[in-house]
Amino acid sequence: MGCGTLPAVTGAQSPPPGGPALVTSRSGSVPAWFEATVEALGYDLVATLSVDEPKHGRYNLPPGLVDRLTDRIRETGAVFLGIDERLHPGQVVDLETALPSVATRDRRGVVWRRLGGVAAECLSLRDCRIERRRAARAERDSADQSPEGGGGRVAHLDRREQELRTSLDRRRQEARERVGAAYDGVDARVTVVGPPTAPTTALWAALTGETGDANGPFRPAGPTTAVTTAGPHEIALTDTPGLVEGLPDWYTGAVPATLAAVEHARAVLVVGSSGTVGPLCRAVDDRFEADTIPAVPPAGPATVAGRETVDVTDTVAVRGRLAAVLPSSRVELSLPYGDDTQALVSWLHDQTTVQDNSYDQRVTLTVALSTDRVADLERRVAAVDGECERVD
């Protein structure tokens, strides 16, 4: 068998397009966003089973919970099991053996499948590793061993795994580079983040006038950007999929474009409830350099994580907070009359905030603009034989 195309994955890792689903956890509870994500995959969630017990080495789920899951799968006819834990490939294979026939995904698999894109490649790599574990176990259990020692299928899956890793590394790099090269003509980049079900898209749409994808958790599936303004600043505002609490490596490695959008941002709007915004603000602060602005519902707290909050439904207030954290300057201009000055004044009204102006012996204006653009303004003023002075 050649190494270019992997045969269809066998066993319970090929989920059907819909049907009854169960969700489980050994950590005491299952977050609502995880249940919503399973439903967003097209399944009908019929039951959630959770216990608060230590992990079990063989399944990462206690045996008593596995027995309960077996009964519920048979009772409900469930075709999908979402596990709000991390399972290594051997645990997945062991669990498949212990349970009736059912498609299983751990937390990573559920999220990656929902996100698609680079995350889908992460899922393909994981499925390849699981299939290799199945194949290795089947070969160990078989009396007919391959003369190669590892068996033809295991060797093929080893090659396929390396191909997938190489492809994944390339896709990650390409995604980061695309984000880094985009929107370099604006005054600043601002990124909107939140937990998986936070209304980031509603805020993004209200600020940009665009229509976004808010259809369930982890939407939009990738960064979505439009240009808008905040005070004197022209900003590229980017909506992102939900961020998983704590920003675990398995998640950040699956969303390189989202990570790049936050890395390039001058400010980050963190949207969510009072209980979720604080931990996410701290996670962003720990990893990135941007100023974080917690955006909470109208009845939310005045401060979160040591920062003043802003009403997520008040776009005027949000623009004001962004303008306050983005560096701006006030400049007084004195210009001679002439056609070139007229063209410059028109440009000033388009590209800056004109706070005052008068037309006496000379044209005088006071404007506010991004600090990064002051040098460009000074060159334009000098070109018409004018004078300018920063007054901030």
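See above for the structure.
Note that this is a predicted model, so its numbers are computed, not measured. (Residues numbered from 1 in each chain as written. Predicted model: local features only at pLDDT ≥ 70, side-chain atom pairs only at ≥ 80, totals over all residues. Heavy atoms only, no water.)

Turning next to the packing of aromatic side chains. A complete count under the given rule lists six aromatic pairs for this structure. Between Phe218 and Tyr251 the ring centres are 6.3 Å apart and the planes differ by 40 degrees, which places this aromatic pair in the tilted class. Of the two residues, Phe218 is situated in the loop between α7 (200-208) and β6 (224-230) and Tyr251 in helix α8 (residues 249-252); the sequence distance between them amounts to 33 residues. Overall, the relative accessible area of 0% leaves Phe218 in the buried class. Of the residues examined, Tyr251 reaches a relative accessible area of 0% and is grouped as buried. Taking the centre distance of 6.1 Å and the plane angle of 85 degrees together, the rings of Trp250 and Tyr251 count as edge-to-face. The pair Trp250 / Tyr251 is uniform in exposure class, with both members buried. (Phe/Tyr/Trp six-rings, centres within 6.5 Å; stacked < 30°, edge-to-face > 60°. Helix = DSSP H or I, 4+ residues; strand = E, 2+ residues; numbered from the N terminus. Buried < 20%, exposed > 50% of the residue type's maximum accessible area, 1.4 Å probe, protein only.)

Let's shift gears to helix α1 (residues 32-40). Residues Trp33, Phe34, Thr37 and Val38 constitute the buried set of α1. Projection of α1 onto a plane perpendicular to its axis shows the buried side chains occupying an angular sector of 140 degrees, all on one side. Looking at the packing, one finds that the buried side of α1 touches β1 (19-25), β2 (43-50), β3 (80-83) and α4 (107-115). Immediately beyond the C-terminal end of α1, within one or two residues, lies Gly42, with a positive phi of roughly 110 degrees. (Arc of directions from axis to C-beta. Contact = heavy atoms within 4.5 Å.)

A separate point is the pairing of strand β8 (residues 267-271). Side-chain direction in a regular strand flips from residue to residue, so the side chains alternate between the two faces of the sheet. A large share of β8 lies buried, amounting to five of its five residues. Across the two faces of β8 the burial is the same, with Ala267, Leu269 and Val271 and Val268 and Val270 all buried. The pairing of β8 with strand β9 (residues 291-296) spans five bridges and is parallel. Note on β9: the bridge partner recorded for Val271 is Ala295. Read from β8 through helix α10 (residues 274-287) to β9, the crossover connection turns out right-handed. (Pairing = 2+ DSSP bridges. Right-handed = clockwise from strand over helix to strand, strands pointing away.)

On the basis of which strands lie adjacent, the open sheet formed by four strands has the order β14-β15-β13-β16 and antiparallel pairing. The sheet is open, and its two edges are formed by β14 (353-359) and β16 (387-390), each paired on a single side. Sheet twist, expressed as the mean angle between neighbouring strand axes with direction ignored, is 20 degrees. With respect to the sheet, helix α13 (residues 374-383) is in contact with β13 (328-335), β15 (363-370) and β16, its orientation differing from that of β13 by roughly 5 degrees. (Axes fitted to C-alpha atoms, helices over the stretch in contact; angles between N-to-C directions.)

Along α13, the residues that are buried comprise Val374, Leu377 and Val381. Down the axis of α13, the sector holding all buried residues measures 55 degrees, keeping them to one side. Seen from the open side of α13, the exposed residues pointing more than 90 degrees away from its buried face are Arg379 and Ala383. Along its buried surface, α13 packs onto β13, α12 (339-351), β15 and β16. In the segment just after α13, Asp385 is the residue with positive phi, at about 60 degrees.

With that settled, the discussion passes to the nonpolar core. In this structure, Val38, Phe80, Tyr251 and Val268 are the most contacted members of the largest nonpolar core, which totals 49 residues. Broken down by element, this core gets its largest block of residues, eight residues, from helix α5 (residues 118-141). Look past the residues within four positions of Val38 in its chain and what remains in contact with it is Ala21, Val23, Tyr43, Phe80 and Val110. In terms of nonpolar packing, the next biggest core, distinct from the first, is built from 21 residues, Ala198, Ala230, Val271 and Ala295 among them. (Core = buried A, V, L, I, M, F, W, Y, C linked by side-chain atoms within 4.5 Å.)

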